[in-house]
Protein chains: 2
Amino acid sequence: MDVGSSLQNRVPRKRRKMQRVTMMDVAKLAQVSPSTVSLYLRKPAAVSPAAGQEIARAISTLGYVPNLVAGGLAAASSKVVSIIVPSIRNAFFAETVSTLQSELAAEGLQVILGHSEYGEEQEEALVRTALAWAPAAVVLTGLSHSAETRKLLQASGVPVVEMWEIGGNPIDMAVGFSHPQVGASAARHLLSKGRRSLAFLGARMQEDHRAAKRANGFAEEAKRTGHATCEVINHPGAATVEAGSLLLNRALQQVPNLDAIACSNDLIALGALFECQRQGLAVPDKIAVAGFGDLDFSASCIPSLTTIRPSGDLIGKEVARLILAGIHGAQPTGPSRIIDTGHVLVERRST
Amino acid sequence: MDVGSSLQNRVPRKRRKMQRVTMMDVAKLAQVSPSTVSLYLRKPAAVSPAAGQEIARAISTLGYVPNLVAGGLAAASSKVVSIIVPSIRNAFFAETVSTLQSELAAEGLQVILGHSEYGEEQEEALVRTALAWAPAAVVLTGLSHSAETRKLLQASGVPVVEMWEIGGNPIDMAVGFSHPQVGASAARHLLSKGRRSLAFLGARMQEDHRAAKRANGFAEEAKRTGHATCEVINHPGAATVEAGSLLLNRALQQVPNLDAIACSNDLIALGALFECQRQGLAVPDKIAVAGFGDLDFSASCIPSLTTIRPSGDLIGKEVARLILAGIHGAQPTGPSRIIDTGHVLVERRST
DNA sequence: ATGAAAGCGCTAACAC
DNA sequence: GTGTTAGCGCTTTCAT
């Protein structure tokens with residue numbers, strides 16, 4: 001039992017930081033070399049059963065927890081995936097991040113989270129710190145980024161996945177769907193119901209480029225298909241139920257004989273629904289309402305809400321798949337680096 | 001200029017990993033030693049203006065990004081805060097995490113996220129990996145954890161903040177409010193409106209201990225104050241609008257003359273509201289409805305929802321404050337390590 | 001104010 | 001299968 005003595009020279013005369021248990025301590029207790037412990041930790045099958053037993057015992061008696069920081073430094077790539085979304089308060093991104101986190105955690109990857117708040121400079125700063133972690137991958141939202149952000153990412157050589165949007169050219173990989181097409185789908189649906197005086201209600205579209213693209217797709221399809229009128233109305237603040245009420249009122253003022261609205265978000269649609277109820281406007285008889293997102297309440301509100309489901313879950317899964325494939329060696333090239341998760345129009349009572 | 005020759009021995013004959021720009025490269029370009037660069041990065045004022053200029057120039061021409069992994073290893077504590085919540089899909093936690101992330105990012109700290117999905121074993125695993133990052137702090141949700149989790153955390157010496165609950169004894173620090181008191185507030189409010197046949201509608205209370213405590217507090221207050229009846233009804237699945245509809249129907253069956261309900265979550269309350277509307281039960285005349293959370297829609301739904309606001313934002317701010325105070329040296333002791341953020345009952349039309 | 005030197009705890013060749 | 005040997009890129013005394 002020479003453990004005690006050898007432990008002593010681990011105590012320097014100066015700094016004393018609670019002396020974390022290291023791999024070396026485990027190695028000593030188990031009577032093997034540190035590299036064997038390291039090997040055991042990464043591929044248990046590669047060490048002899050006997051040594052494995054000893055190591056396992058040592059680990060548990062010492063309560064050893066591997067230091068991933070040191071591991072990341074030595075391996076020159078940390079087990080971290082950095083995810084940058086505009087806001088985690090947004091149910092869409094919360095869903096994707098949640099799924100992504102679970103999928104990646106199952107493979108031993110950690111998620112580092114950042115919020116850009118829809119700002120490109122903020123995003124750039126986040127990307128900079130993200131790269132400082134030598135991450136296994138970085139995940140960004142959308143395809144619009146500052147030139148510097150793209151440069152940083154490209155120069156880093158780190159796998160990059162842009163999510164929630166396709167249709168431009170990605171830095172590296174992309175998983176998502178086309179926002180103009182979502183807008184067009186909504187327009188076609190409303191038009192097919194015989195509606196002709198349309199409005200698109202959106203929030204924060206000066207910053208949220210994806211919402212703006214949905215609005216454009218909607219307006220263009222409305223115009224293209226013929227004799228419908230279409231107004232796009234923006235609320236500069238966040239997409240909330242409250243904003244939905246305000247927007248509906250503005251639409252009512254600006255669009256004569258308004259008979260249908262599409263919203264950039266189900267929260268806005270819900271607010272519009274409430275406002276219609278308050279004003280005694282029958283939905284869908286007088287005004288048809290379509291949303292986007294298929295949120296929690298959309299199936300159960302009154303009337304139930306026709307909406308477009310983007311599948312944040314699926315996006316999360318596909319992003320995870322791409323990242324894990326990259327880590328496990330398979331480097332997909334060509335079209336498999338862009339995945340279209342599509343969108344589904346869910347017709348309910350509100351139209 | 002002997003820079004060239006010394007650069008050569010950085011290129012080993014074997015692995016070649018895209019040769020990241022290091023602090024040493026910066027030092028060479030700026031004609032100073034690496035430690036001066038390091039110093040400059042941490043306290044720019046401590047190096048001479050001349051050297052500072054050179055270093056800054058070198059950094060920007062090389063596009064140097066410091067490696068935080070290496071820094072964390074050398075400094076024996078990484079600039080990471082690990083946050084573990086039951087689910088980020090839950091608007092409560094999304095709000096707190098969002099605030100926390102912003103506050104910490106402003107001080108150069110990264111947030112690592114984990115989801116326990118309300119499972120203690122899952123939480124334990126997450127805590128284990130969290131500690132593997134030698135984090136500056138770890139943030140947990142609630143006060144219920146496995147014994148092993150507590151032990152791990154205590155042994156690690158890392159600052160721990162438990163949030164969204166107080167009233168037990170925390171591992172280290174706690175920021176939140178008392179859930180039984182929230183339940184009691186709801187009960188008192190309903191009682192004060194003359195209601196006597198009460199029900200508490202909750203979801204996932206077998207796992208969500210905090211919701212269960214709100215239910216208990218509600219039931220006890222109802223009984224304590226006298227001649228009211230109270231039934232607690234649980235939906236095993238997640239707290240959704242859909243669940244709210246189901247729960248209201250069960251309450252209607254189980255409680256004769258039901259005249260008021262309190263819900264463990266505004267989503268459930270919203271579902272109940274919709275179901276009342278569907279069944280033609282006037283709210284609040286026939287049934288009063290109170291929620292918890294003050295979510296986005298609560299002020300604008302019909303009728304607007306009386307609810308209890310827990311202030312996830314404030315919790316996030318206070319947690320950040322505690323963590324930053326710890327890092328900056330000030331070690332608060334005693335009662336200042338437990339912060340009660342309280343709760344506010346927001347009375348609206350539904351009661 | 002600046003630099004030299006000694007690690008932080010681990011991984012990954014490579015030899016045995 | 002196991003141990004030896006070098007680092008990974010940075011921080012931090014301690015001298016100068």
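Quick caveat: nothing in here was measured; it's all calculated off a predicted structure.

A. Highlighting the relation of the copies chain B and chain A. Superposition record for chain B on chain A: RMSD 0.1 Å, screw rotation 180°, translation along axis 0.1 Å. Taken together, the rotation and translation describe the operation of a two-fold axis. Measuring from the rotation axis to each C-alpha of chain B, the shortest distance belongs to Ile112(B), at 2.2 Å. The residues that chain B uses at the interface reappear at the interface of chain A in 96% of cases, marking a shared surface.

B. Molecular detail of the sheet that holds strand E7 (residues 229–235) of chain B. Residues and elements named next belong to chain B. Strands sit in the order E7-E6-E8-E9 across an open sheet of four strands; the sheet is parallel. Since the sheet does not close on itself, it has two edges, and those belong to E7 and strand E9 (288–290), each with one partner. Across the sheet, the axes of successive neighbouring strands diverge by a mean angle of 20°, strand direction being ignored. Packing against the sheet, helix H9 (residues 179–192) makes contact with strand E6 (197–203), strand E8 (260–263) and E9, and its axis sits at approximately 160° to E8. Here helix H11 (residues 241–254) sits on the sheet and contacts E6, E7 and E8; the angle it forms with E7, its principal contact strand, is near 145°.

C. Local environment of the protein's contact with DNA strand D. Taken together, 23 residues lie near DNA strand D, and Ser35(A), Thr36(A), Ser48(A), Met23(B) and Tyr64(B) sit nearest. The protein-proximal atoms of DNA strand D, defined as those within 4 Å of the protein, are 68% sugar or phosphate. With respect to DNA strand D, the backbone of Ala74(A) contributes an N or O atom lying 3.1 Å from a base oxygen. Separating a phosphate oxygen of DNA strand D from a side-chain N or O atom of Tyr64(B) is a distance of 2.4 Å. Mapped onto the surface near DNA strand D, the elements with two or more residues apiece are helix H3 (34–42) and helix H5 (68–75) of chain A together with helix H3 (34–42) and helix H5 (68–75) of chain B. A total of four residues in the surface near DNA strand D trace back to one element, the largest contributor, which is H5(B). Across the surface near DNA strand D, the residue classes break down as 13 nonpolar, nine polar and one charged.

D. Representation of the packing of helix H6 (residues 91–105) of chain A against helix H13 (residues 312–327) of chain A. Residues and elements named next belong to chain A. Direction vectors running N to C along H6 and H13 enclose 35°, while the axes themselves pass 8 Å from each other. Note that H6 runs across H13; the crossing there is right-handed. Across the interface between the two elements, Glu95, Thr96, Thr99, Leu100, Glu103 and Leu104 of H6 pack against Gly312, Asp313, Ile315, Gly316, Lys317, Val319, Ala320, Ile323 and Leu324 of H13. Looking at the contact of H6 with H13 residue by residue, the class counts come to seven nonpolar, four polar and four charged.

E. Representation of the pattern of salt bridges in the model. Under the counting rule described, the total for this entry stands at 30 salt bridges over all chains. Of the charged contacts in the structure, one is a salt bridge between Lys193(A) and Glu347(A), with a shortest N-O distance of 2.6 Å. Of the two residues, Lys193(A) is situated in the loop between helix H9 (179–192) and strand E6 (197–203) and Glu347(A) in the segment after strand E12 (344–346); the sequence distance between them amounts to 154 residues. By relative accessible area, Lys193(A) is classed as partly exposed at 35%. Glu165(B) is the salt-bridge partner of Lys213(B), the closest N and O atoms lying 2.6 Å from each other. With a gap of 48 residues between them, Lys213(B) in helix H10 (residues 209–224) and Glu165(B) in the loop between strand E4 (160–163) and strand E5 (173–176) connect regions that are remote in the sequence. Here Lys213(B) falls in the partly exposed class, since its relative accessible area comes to 30%. Here the salt bridges share partners, and the residues they tie into one network are Glu124(A), Arg128(A), Glu148(A) and Lys151(A).

F. Geometry of empty space enclosed by the protein. Taken as a whole, this structure holds eight cavities of 30 Å³ or more when the rule is applied. Its volume calculated, the largest cavity comes out at about 180 Å³. For the largest cavity, the lining is made up of 16 residues, of which Tyr118(A), Glu123(A), Thr141(A), Ser144(A) and Arg210(A) are closest to its centre. Put simply, the parts of the chain that give the lining of the largest cavity at least two residues each are strand E1 (80–85), helix H7 (120–131) and helix H10 (209–224) of chain A. Its residues assigned to classes, the lining of the largest cavity comprises four nonpolar, six polar and six charged. Counted as a void, the second largest cavity has a volume near 60 Å³. Lining the second largest cavity are Val182(B), Gly183(B), Ala186(B), Phe200(B), Arg214(B), Ala262(B), Cys263(B), Ser264(B), Ala290(B), Gly291(B), Phe292(B) and Ile308(B). Counting only elements with at least two residues in the lining of the second largest cavity, the list comes to H9 and E8 of chain B. No other element matches the three residues that H9(B) contributes to the lining of the second largest cavity.

G. The sheet that holds strand E9 (residues 288–290) of chain A, seen in detail. Residue and element names in this part refer to chain A. Spatially, E7-E6-E8-E9 is the arrangement adopted by the four strands of the open sheet, whose pairing is parallel. With one partner strand each, in any of the chains shown, strand E7 (229–235) and E9 form the two edges of the open sheet. Pairwise comparison of adjacent strand axes, ignoring direction, gives a mean angle of 20° for this sheet. Where strand E8 (residues 260–263) and E9 come together, three bridges link them in parallel fashion. Looking at E9, one finds that Ala262 is bridged to Ala290. This element, H9, spans E6, E8 and E9 of the sheet and lies at about 160° to E8. Here helix H11 (residues 241–254) sits on the sheet in contact with E6, E7 and E8, set at roughly 145° to E7.

H. Representation of the pairing of strand E2 (residues 110–115) of chain B. Among the six residues that make up E2(B), six are buried, leaving the element largely enclosed by the rest of the structure. Along E2(B), one buried face is formed by Gln110(B), Ile112(B) and Gly114(B) and the opposite face, lined by Val111(B), Leu113(B) and His115(B), is buried too. Sheet topology places strand E2 (residues 110–115) of chain A next to E2(B); three bridges connect them, and they run antiparallel. Within E2(B), the residue paired with Leu113(A) across the bridge is Val111(B). Taken together, strand E1 (residues 80–85) of chain B, helix H6 (residues 91–105) of chain B and E2(B) constitute a β-α-β crossover, and its handedness is right-handed.

I. Structural view of the protein's contact with DNA strand C. As a matter of local geometry, DNA strand C sits amid 23 residues, with Met23(A), Ser38(A), Tyr64(A), Thr36(B) and Ser48(B) nearest to it. Looking at DNA strand C alone, sugar and phosphate atoms form 72% of those within 4 Å of the protein. Contacts to DNA strand C include Ala70(A), whose backbone N or O atom sits 3.2 Å from a base nitrogen. A distance of 2.7 Å separates a phosphate oxygen of DNA strand C from a polar atom in the backbone of Ser33(B). Looking at the surface near DNA strand C, the elements that each hand over two or more residues are H3 and H5 of chain A together with H3 and H5 of chain B. Among the elements that make up the surface near DNA strand C, the one with the highest residue count is H5(A) (four residues). When grouped by side-chain class, the residues that make up the surface near DNA strand C number 13 nonpolar, nine polar and one charged.

So, how was this worked out
- Residues numbered from 1 in each chain as written.
- Chains lettered and ligands numbered in written order.
- Predicted model: local features only at pLDDT ≥ 70, side-chain atom pairs only at ≥ 80, totals over all residues.
- Heavy atoms only, no water.
- Least-squares fit on C-alpha atoms with pLDDT ≥ 70 in both.
- Contact = heavy atoms within 4.5 Å.
- Pairing = 2+ DSSP bridges.
- Helix = DSSP H or I, 4+ residues; strand = E, 2+ residues; numbered from the N terminus.
- Axes fitted to C-alpha atoms, helices over the stretch in contact; angles between N-to-C directions.
- Near = heavy atom within 4 Å.
- Polar contact = N/O pair within 3.5 Å; in protein donor to acceptor, adjacent residues only side chain to side chain.
- Nonpolar A, V, L, I, M, F, W, Y, C, P; charged D, E, K, R; others polar.
- Left-handed = near helix turned anticlockwise from the far one by under 90°.
- Salt bridge = Lys/Arg side-chain N within 4 Å of Asp/Glu carboxyl O.
- Buried < 20%, exposed > 50% of the residue type's maximum accessible area, 1.4 Å probe, protein only.
- 1 Å grid on protein atoms, 1.4 Å probe; cavity = no way out; pocket = protein on both sides within 12 Å on 5 of 7 lines; lining within 4 Å.
- Points joined across faces, edges and corners; volume = space filled by probe spheres on them.
- Right-handed = clockwise from strand over helix to strand, strands pointing away.

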